[in-house]
Amino acid sequence: MTSESERELHLQRAHYNTFLLESRHVIIDLLTDSGTSAMSSDQWSVMMKGDESYAGARSWQNMEKAVHDLTGYPYIIPTHQGRAAESILYSLLGGKDKVFISNTHFDTTRANIEYSGARAIDCLIPEGKDPSRIYPFKGNLDVDQLERLIREHGAGNIGAVILTVTNNSGGGQPVSMANARSIREICRQNKVMFLLDCCRIAENSYFIATREEGYDKKSFREIAQEMFSLADGAIMSAKKDGLVNMGGFIATKDKRIAEACTNLLIIREGFTTYGGLSGRDMEAIAQGLTEVFDKDYLHYRIRSTTYLGEKLTAMGVPIVKPVGGHAVYIDAKSFYRHIPVEQYPGQALVCDLYLAGGIRSVEIGSVMFGKYDLEGKLIPAEMELVRLAIPRRVYTQSHIDYVIETFGFIKEMKAGSRGLKIVYEPPFLRHFTAHFERI
Ligand SMILES: *Cc1c(COP(=O)(O)O)cnc(C)c1O
């Protein structure tokens, strides 16, 4: 526990960037759902059987089988986390003149694509851009715009179409099977590669089962398998729906791509049968990928996220609706109307949540996605969101009730809250290390 005056000091020392806080100074940590899952007793048990052989470990065979059985893809390449997989795959598919199209590129996805010299274009349906609009699949990719973009840039210049399920940066919103099927058709006609960024495919399957016609009798796992069957390959950060603290993979149907990735893997991550992982990590992933499709687990998971969203809505806090899978997103632009976008209203709310309750959250707005024009003026992001990400199997309802109570204080204080300015920023992924000052 910390007092408000202590937190003021911690926040100053962290330059008003919650990524720079020490975790022991945080009471409820909703910074991310990535790598923060509590592992099950079954996962801890299989870790004891970790085979730490350099090559051909049994633990790798277990992970490879689990990923293969789920995705149906023949070539599986282990990596230490999602962005390592992205760095390998997109440095091969990317490069100058190449264009990638996604419902919304996650920040590390965009950074890896742009780092290769390629362009990353977000292509979300209009319903997904309106935080208050109720629509069952707000994560869908705009297929008409996709066809236009392919014509405009030429199919040969498209590095890949990347469907992010669920759509993390777009509010944790699900993507429908029908949308994936249309994308598959367009990609097949144009001979463009179709990839899934499948970090939260189990949560996405839950939404398909409950919202899309014809899927209520299918198991969550069968739904995920159907979606994998539509794509040419996938990238996963197992730190999400793999229910582990570290891990990831590339999986593909394409032998040539797999071979090229393997060469880079050995230079950057490690040998083909461990990537950047230890044997015990690979055991935990194999087990986690099975557990995450458990009916009761997924039901509790999605319901508990929705609970937080429903309570905040009842208090008059504007959130992205309907509530997504792994997080509740506050619409800071409309909640902190008195702070202009150039002064980062989302970051102001992030700081206030920490000060008022020791709650750590993250801005997903112009700090994360803002750019500058030639005069150095901010080109803001489309939305100014604050994400409250819920770690899997960690917090109870009373923890979440405490978060809800803290919003009561925030509502009273917010008129006095001031915006921030950036006083230091790196060229890529600036939100992780930027320094701010209060205006
Ligand atoms: C987390 C995430 C990544 C990157 O994975 P890391 O394991 O954090 O490197 C990529 N895409 C999406 C959608 C993610 O949520």
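Sequence order as written defines the numbering, with residues in each chain counted from 1. Local features in a predicted model are, by the rule used here, given only for residues with pLDDT of at least 70; side-chain atom pairs are given and counted only at 80 or more, and totals for whole chains, interfaces and linings are based on all residues. In computing side-chain properties, one takes all heavy atoms of the structure into account and sets aside hydrogens as well as water.

## Topic: the packing of aromatic side chains
Ring pairs are drawn from Phe, Tyr and Trp, using the six-membered ring of Trp, whenever the two centres fall within 6.5 Å, and their geometry is named by plane angle: stacked under 30 degrees, edge-to-face over 60, tilted for the rest. According to the stated counting rule, one finds 10 aromatic pairs in the structure shown. A ring pair is formed by Tyr 54 and Tyr 274, whose centres lie 5.1 Å apart and whose planes are at 75°; its orientation type is edge-to-face. Here Tyr 54 is found in the loop between α2 (41–47) and α3 (58–71), whereas its partner Tyr 274 is found in the loop between α10 (255–268) and α11 (279–291), with 220 residues between them in sequence. Given a relative accessible area of 56%, Tyr 54 falls into the exposed group. Here the basic side chain of Lys 240 rests over the ring of Phe 106, its NZ or CZ set 5.4 Å away from the ring centre. Working definition: helices are DSSP H or I runs of at least four residues, strands are E runs of at least two. Numbering for both runs from the N terminus. The classification of residues rests on relative accessible area computed with a 1.4 Å probe and restricted to protein chains. Under 20% of the type maximum is buried, over 50% is exposed, and intermediate values are partly exposed. Whether a charge lies above a ring is judged from NZ of Lys or CZ of Arg, which has to be within 6 Å of the ring centre and within 35 degrees of the ring normal.

## A short note on the packing of α3 against α11
To obtain an axis, a line is fitted to C-alpha atoms, over the contacting stretch when the element is a helix, and the angle between two such axes runs from 0 to 180 degrees between their N-to-C directions. Between α3 and α11, whose axes approach to 8 Å, the crossing angle comes to 30°. Classed by the angle they form, the pair α3 and α11 counts as roughly parallel. Here α3 and α11 pass one another in a crossing that is left-handed. Only Gly 279, Met 282, Glu 283, Ile 285, Ala 286 and Leu 289 of α11 make contact with α3, whose side of the interface consists of Ser 59, Trp 60, Asn 62, Met 63, Ala 66, Val 67 and Leu 70. Three classes are used: nonpolar for Ala, Val, Leu, Ile, Met, Phe, Trp, Tyr, Cys and Pro, charged for Asp, Glu, Lys and Arg, and polar for all others, with Gly counted as polar. Considering only residue class, the contact of α3 with α11 consists of nine nonpolar, three polar and one charged. Put simply, angles under 35 degrees are roughly parallel, angles over 145 are roughly antiparallel, angles from 65 to 115 are roughly perpendicular, and the rest are oblique. With the far helix as reference, a near helix turned anticlockwise by less than a right angle produces a left-handed crossing, and one turned clockwise produces a right-handed crossing. Note on definitions: a residue-residue contact is assigned when non-hydrogen atoms from the two residues lie within 4.5 Å.

## A look at the pairing of strand β7 (residues 233–237)
Counting buried positions along β7 yields five of five residues, so the element is predominantly enclosed. Every second residue of β7 is oriented toward a common face, with Gly 233, Ile 235 and Ser 237 on one face and Ala 234 and Met 236 on the other, all of them buried. The pairing criterion for strands is at least two bridges between them, as found by DSSP. Bridge count for strand β6 (residues 194–197) against β7 is three bridges, and the pairing is parallel. Pairing of Leu 195 across the sheet is with Gly 233, part of β7.

## Quick word on the nonpolar core
It is characteristic of soluble globular proteins that their nonpolar side chains tend to be buried jointly. Of all hydrophobic cores here, the largest spans 63 residues; its most connected members are Leu 146, Leu 163, Leu 196, Ile 201 and Phe 228. When residues of this core are assigned to domains, at least three fall in each of domain 1 (4–30 + 294–433) and domain 2 (41–291). Buried Ala, Val, Leu, Ile, Met, Phe, Trp, Tyr and Cys residues form a nonpolar core when they are joined through side-chain atoms within 4.5 Å. Grouped together as the second largest cluster of nonpolar side chains are 44 residues, Val 323, Ile 390, Ile 400 and Leu 420 included. As annotated, the domain borders come from an automatic or database domain assignment.

## Describing the site of the ligand
Here a residue is considered near a molecule or strand provided that any single heavy atom belonging to it is located within 4 Å of it. By nearness alone, 15 residues border the ligand, and Gln 81, Arg 83, Asp 197, Ser 237 and Lys 240 come closest of all. A distance of 2.8 Å is found between an oxygen atom of the ligand and a side-chain nitrogen or oxygen belonging to Lys 240. The Shrake-Rupley method, run with a 1.4 Å probe sphere, supplies the accessible areas, and residue values consider only the shown protein chains as cover. Here the ligand has 380 Å² of accessible area as a free molecule, and 98% of this is covered by the chains. Within the residue set of the shell around the ligand, elements represented by two or more residues are α4 (82–93) and α5 (107–115). Across the shell around the ligand, the residue classes tally to two nonpolar, seven polar and six charged. Identification of polar contacts relies on pairs of N or O atoms within 3.5 Å, with a donor-acceptor requirement for protein atoms, meaning one able to donate a hydrogen and the other able to accept it, and with residues adjacent in sequence counted only if both atoms are side-chain atoms.

## Things to note about the domain arrangement of the protein chain
Once the domains are mapped, the protein chain shows domain 1 (4–30 + 294–433) and domain 2 (41–291). Here domain 1 and domain 2 have C-alpha centroids that lie 26 Å from each other. Taken together, the contact between domain 1 and domain 2 spans 31 residues of the former and 35 residues of the latter. A combined buried area of about 2700 Å² lies between domain 1 and domain 2, and 61% of that area is made up of carbon and sulfur atoms. Once two parts are brought into contact, the accessible area they lose, counted with a 1.4 Å probe and summed over both, makes up the buried area. Among the residues domain 1 hides against domain 2, the three largest losses belong to Leu 298, Pro 322 and Arg 392. Together they make up 20% of the total. Only one rule defines a salt bridge in this text: a Lys or Arg side-chain nitrogen within 4 Å of an Asp or Glu carboxyl oxygen. Summed over the shared surface of domain 1 and domain 2, the number is six salt bridges. Here Glu 382 ties to Lys 129 by a salt bridge, and the two come within 3.9 Å at their closest N and O atoms. The interface formed by domain 1 and domain 2 holds 18 residue pairs in polar contact (both at pLDDT 80 or more) in total. Take the side of domain 1 that touches domain 2: its biggest share by element is six residues, from helix α12 (residues 295–314).

## So, empty space enclosed by the protein
Here a cavity denotes grid points, spaced 1 Å and computed from the protein atoms alone, that fit a 1.4 Å probe unable to get out, and a pocket denotes an open set having protein on both sides within 12 Å along at least 5 of 7 lines; residues with an atom within 4 Å of a point are the lining. Grid points are joined across faces, edges and corners, and a volume is the space filled by probe spheres set on the points. Evaluation of the coordinates by the stated rule reveals two cavities of 30 Å³ or more. Lining the largest cavity are Asn 17, Thr 18, Phe 19, Gln 347, Val 362, Glu 363, Val 367, Met 368, His 431 and Phe 436. The residue inventory of the lining of the largest cavity, partitioned by class, reads five nonpolar, four polar and one charged. There is about 40 Å³ of room inside the second largest cavity. Forming the walls of the second largest cavity are Leu 89, Met 193, Leu 195, Asp 232, Gly 233, Ala 234, Ile 250, Ala 251, Thr 252 and Ile 257.

## Details of unusual backbone geometry
Glycine aside, residues mostly have negative phi, and peptide bonds are mostly found in the trans state. Following Val 165, the chain continues to Thr 166 via a peptide bond in cis, the omega torsion being -20°. Within the secondary structure, Thr 166 is located in the loop between β5 (158–164) and α7 (177–190). Omega for the bond connecting Lys 321 with Pro 322 falls within 30 degrees of zero, at -10°, which places this linkage in the cis form. Mapped onto the secondary structure, Pro 322 falls in the loop between α12 and β9 (327–331). One non-glycine residue with positive phi stands out, namely Tyr 16, at about 60°. A positive phi angle, close to 55°, is found at Lys 191, a residue other than glycine. Mapped onto the secondary structure, Lys 191 falls in the loop between α7 and β6.

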